[in-house]
Amino acid sequence: MQQIDRLQEKAKGLPDAPGVYLFRDKRGHVLYIGKALSLKKRVGSYFVDSPGGPERFQIGPMIDQIADLEFILTENELEALILESNLIKNHRPRYNIVLKDDKHYPFLRLDPNDPFPWVQVVRRIKDDGALYYGPYVPSTAMWDVLALVNKTIPLRKCRSIEGRKLCLEYHLGRCLGPCEGLIGRKEYGELVDQARLLLDGKDQELTKRLKERMHQAAETLEFEQAAKYRDQIASLRQVFERQKVISPRGEDLDVFGLAHEGREAQVQLFLIRRGRLIGRETFTFELGAETPSGLLASLLKQFYVGARDIPKEILLSDLLEDASLIAAWLVSRANRHVELLVPQRGRKARLVQMAQRNAQEALALSLRSSKSRESALKELQEALGLAGLPRRIEAYDISNISGTLAVGSQVVWEDGKPKKSGYRRYKINTVEGPDDFAMMAEVLHRRLQKAQEMPLPDLVLLDGGRGQLNAALGVARKLGYDSLQMVSLAKEEELVFHPARPKPIALPERSRARQLLQQIRDESHRFAVTYHRALRGKSGFRSLLDDIPGIGAKRRRALLSHFGSLRRLREASIEELRRTAGVSESLATTIHDVLGAVSA
């Protein structure tokens, strides 16, 4: 309570003015970023003691972690909104709604100032006078459009035409050779106009032009040229007939439909351009400090912060918090009128209902999957005799070749799903030779030394048998974590070794608990092997020989001198290595295995 009292006092001293506030934990990490018309009132509301309210239930876990708060004053609330969006994008706070992969949706760029423009894919918009089309959601929609442009309009494909010669694109008829002056700027400009019509979605106007030119070519007996125009028209029809027309008035609309249950929410986005559904995207969120309405507002602020193609109308299933403020921000970004609408009846309401139905279906599917994961955790709890559900499981594996380039992996599963931000890689530093038990002990020791930085798991899963388990338990006892639950899973027999049971546990083959453990174990193995292979790829044969215990500078020189080349050394048999280097058969086998693995 002393911490809350201190934060209450600090909040009372904040200015009664617009701005952005940041909550930080004891390590200085940003937990949450928000904006306010009055910093004093908004920030102070977090620390008012009202334990019975639903909002307090949602934000309570965050409040308990706040160690300090900061603020930035702005001139007005719109400026605060813009700053809030940019700070969330940069810091990605845990309790804000953040687009999971922070996508920069792809755009197509066409620069009319270039003597011979071409269509290229970019992820960011620059203020360089070029034309940008997009964003395309999902990105496959962009590749479809680009393929259509390249198929129907023979613009150049090369980044630069200076010093270039005719390439395969020219010989395939997909470029007219501006690099060697085979087409003039005026004629090329007509192709650029066609591309602009296509990218603008004005396919009917483009088709009309191509038909006129096809007839003109036929009348002048240029039948080969007329056939090219005919093929262009056919390609256009084929693509645009596949796009579903859902708005006969040909509008540009973005439609957001929200569905939520418990702490999970799904949002479906439909992108409609010129009346056609050109893309859709599903966003999955966990409701934390945000209300459903606040979630939708946060999504819009992040989605449009990097996009310039903002339609005149954005249709929503729910009223937004600060709707007028967000609309004003969108107007400032689009440089024209933008409306946020929650239609109640008619054609636009039906579009929102369609997006919402899709969101509800995605949510139902996700919840069914969530219940399945919950069942697996309960089954695992019962099978292993755990005190509670293993919400957080950490798995560890070791990868090496006879002790060389040894690495360890840590993967994290939370609520039955991988949490990639918790993955860690370890390069073994203290163990020489092929000692998997000691390597596992080193990895666990290094992990538990950082227990203050990462929450301890409900269950530790080790790849291996009783030996790996005993090594890890010894480390845990030494560091004072006797109560840490650990098991190991052996690969071939798929038996679970438990510290309190003398005999290994054989879980039923089709049990959810066994499948979950196998999935987590296999992921830790994949992560370790990937890291090990990456290190192998960076290591040459000479450095690898130095890493093999028992191979000093003298033996390395003898090996390289006798075999003459790294290739011949790699191809040598175990017996040849043993005779030449004067080493034991086990060491010769190690050399053979290490060099053979790097070759592979």
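Keep in mind that this is a model prediction, so the values were computed, not measured. Sequence order as written defines the numbering, with residues in each chain counted from 1. This being a predicted model, a pLDDT of at least 70 is required before a residue's local features are given, and a value of 80 or more before pairs of side-chain atoms are given or counted; all residues contribute to the totals for chains, interfaces and linings. Only hydrogens and water are set aside; all other atoms, that is, all heavy atoms of the structure, feed into the side-chain values.

Caption draft 1: Looking closely at the sheet that holds strand 2 (residues 30-36). At least two DSSP bridges between two strands are needed for those strands to be called paired. Labels follow the DSSP assignment, with helices taken as runs of H or I lasting at least four residues and strands as runs of E lasting at least two, numbered in each case from the N terminus. Strands sit in the order 2-1-3 across an open sheet of three strands; the sheet is antiparallel. The open sheet is flanked by strand 2 and strand 3 (68-73), the only strands paired with a single partner. Each adjacent strand pair in this sheet contributes to an overall mean axis angle of 20 degrees, direction not counted. Where strand 1 (residues 19-24) meets strand 3, six bridges bridge the pair, whose relative direction is antiparallel. The convention used is that axes are lines fitted to C-alpha atoms, helices contributing only their stretch in contact, and that angles between N-to-C directions extend from 0 to 180 degrees.

Caption draft 2: Expanded view of the nonpolar core. In these notes, a set of buried Ala, Val, Leu, Ile, Met, Phe, Trp, Tyr and Cys residues joined through side-chain atoms within 4.5 Å is what counts as a nonpolar core. With a 1.4 Å probe rolled over the protein chains alone, any residue whose accessible area is under 20% of its type maximum counts as buried; one over 50% counts as exposed, and the rest are partly exposed. In this structure, Phe256, Val267, Tyr304, Ile314, Leu330 and Leu340 are the most contacted members of the largest nonpolar core, which totals 31 residues. Looking at this core, the elements with two or more residues in it are strand 7 (253-261), strand 8 (264-273), strand 9 (276-286), helix 10 (292-303), strand 10 (313-316) and helix 11 (323-334). Whether two residues touch is decided by their heavy atoms; if any such pair falls within 4.5 Å, the residues are in contact. Residues in contact with tyrosine 304, not counting those within four places in the same chain, are Asp254, Phe256, Ile310, Pro311, Ile314, Trp329, Leu330 and Arg333. Ranked by size, the runner-up nonpolar core spans 29 residues in total, among them Leu108, Val119, Tyr133 and Leu199.

Caption draft 3: Examining the confidence of the model for the protein chain more closely. As a per-residue measure, pLDDT reflects the predictor's confidence and takes values from 0 up to 100. The pLDDT averaged across the protein chain works out to 82; a share of 86% of its residues lies at or above 70. Under a pLDDT of 50 for its full length, residues 51-57 has, in the predicted model, eight contacts with residues more than four places off or in other chains.

Caption draft 4: Looking closely at empty space enclosed by the protein. A cavity here means a set of points on a 1 Å grid, drawn over the protein atoms and nothing else, where a 1.4 Å probe fits but cannot get out; a pocket is an open set with protein on both sides within 12 Å along at least five of seven lines, and a residue lines either one if it has an atom within 4 Å of a point. Grid points are joined across faces, edges and corners, and a volume is the space filled by probe spheres set on the points. According to the stated counting rule, one finds two cavities of 30 Å³ or more in the structure shown. Around the largest cavity, the lining is made up of 13 residues, and of these Cys158, Cys167, Cys175, Pro178 and Cys179 lie nearest the centre. In this count, Pro and Cys sit with the nonpolar residues alongside Ala, Val, Leu, Ile, Met, Phe, Trp and Tyr, while Asp, Glu, Lys and Arg are called charged and the others, Gly among them, polar. Tallied by class, residues from the lining of the largest cavity come to eight nonpolar, one polar and four charged. Quantified by volume, the second largest cavity comes out at close to 60 Å³. Lining the second largest cavity are Glu84, Ser85, Ile88, Asn96, Ile97, Glu290, Ser298, Lys301 and Gln302. Class assignment of the residues belonging to the lining of the second largest cavity gives a composition of two nonpolar, four polar and three charged.

Caption draft 5: Molecular detail of the packing of helix 4 (residues 77-91) against helix 11. Two numbers describe how helix 4 lies on helix 11: the axes approach to 10 Å, and their chain directions differ by 75 degrees. Judged by the inter-axis angle, helix 4 sits roughly perpendicular to helix 11. The residues of helix 11 that touch helix 4, namely those facing Glu77, Leu78, Leu81 and Ile82, are Leu325, Ile326, Ala328 and Trp329. Grouping the constituent residues of the contact of helix 4 with helix 11 by class yields seven nonpolar, no polar and one charged. When an angle is under 35 degrees it counts as roughly parallel; over 145 it counts as roughly antiparallel; between 65 and 115 it counts as roughly perpendicular; any other value is oblique.

Caption draft 6: Representation of helix 13 (residues 436-448). For helix 13, which comprises 13 residues, the first-to-last C-alpha distance of 18 Å matches the rise-based estimate of 18 Å (1.5 Å per residue) to within 8%. When we look at burial in helix 13, the residues that qualify are Met439, Met440, Ala441, Glu442, Val443, Leu444, Arg447 and Leu448. Here the expected span of a helix is defined as 1.5 Å times the quantity of residues minus one.

Caption draft 7: Region of interest: helix 10. Its 12 residues give helix 10 an end-to-end C-alpha distance of 16 Å, which sits within 8% of 16 Å, the value for a rise of 1.5 Å per residue. Along helix 10, 11 of the 12 residues are buried, which leaves the element largely enclosed by surrounding structure. Those residues of helix 10 not exposed but buried are Ser293, Gly294, Leu295, Leu296, Ala297, Ser298, Leu299, Leu300, Lys301, Gln302 and Phe303.

Caption draft 8: Focus on the pairing of strand 7. For strand 7, the tally of buried residues reaches seven of nine residues, placing the bulk of the element in the interior. Where strand 7 and strand 8 come together, nine bridges link them in antiparallel fashion. By the bridge assignment, glutamate 261 is partnered in strand 8 with glutamate 264. Taking the residues between adjacent antiparallel strands as the criterion, strand 7 and strand 8 are bridged by two residues, where glycine 262 takes a positive phi near 65 degrees.

Caption draft 9: Structural context of the pattern of salt bridges. Only one rule defines a salt bridge in this text: a Lys or Arg side-chain nitrogen within 4 Å of an Asp or Glu carboxyl oxygen. Taken as a whole and judged by the stated rule, the model has 24 salt bridges. Two residues, aspartate 25 and arginine 27, come together in a salt bridge whose shortest N-O distance is 3.9 Å. Residue arginine 521 is joined to aspartate 522 by a salt bridge in which the shortest nitrogen-to-oxygen separation is 2.8 Å. Accessibility expressed as a relative area gives 41% for aspartate 522, which makes it partly exposed. Connected via shared salt-bridge partners are Arg392, Glu394, Glu414, Lys419 and Arg447.

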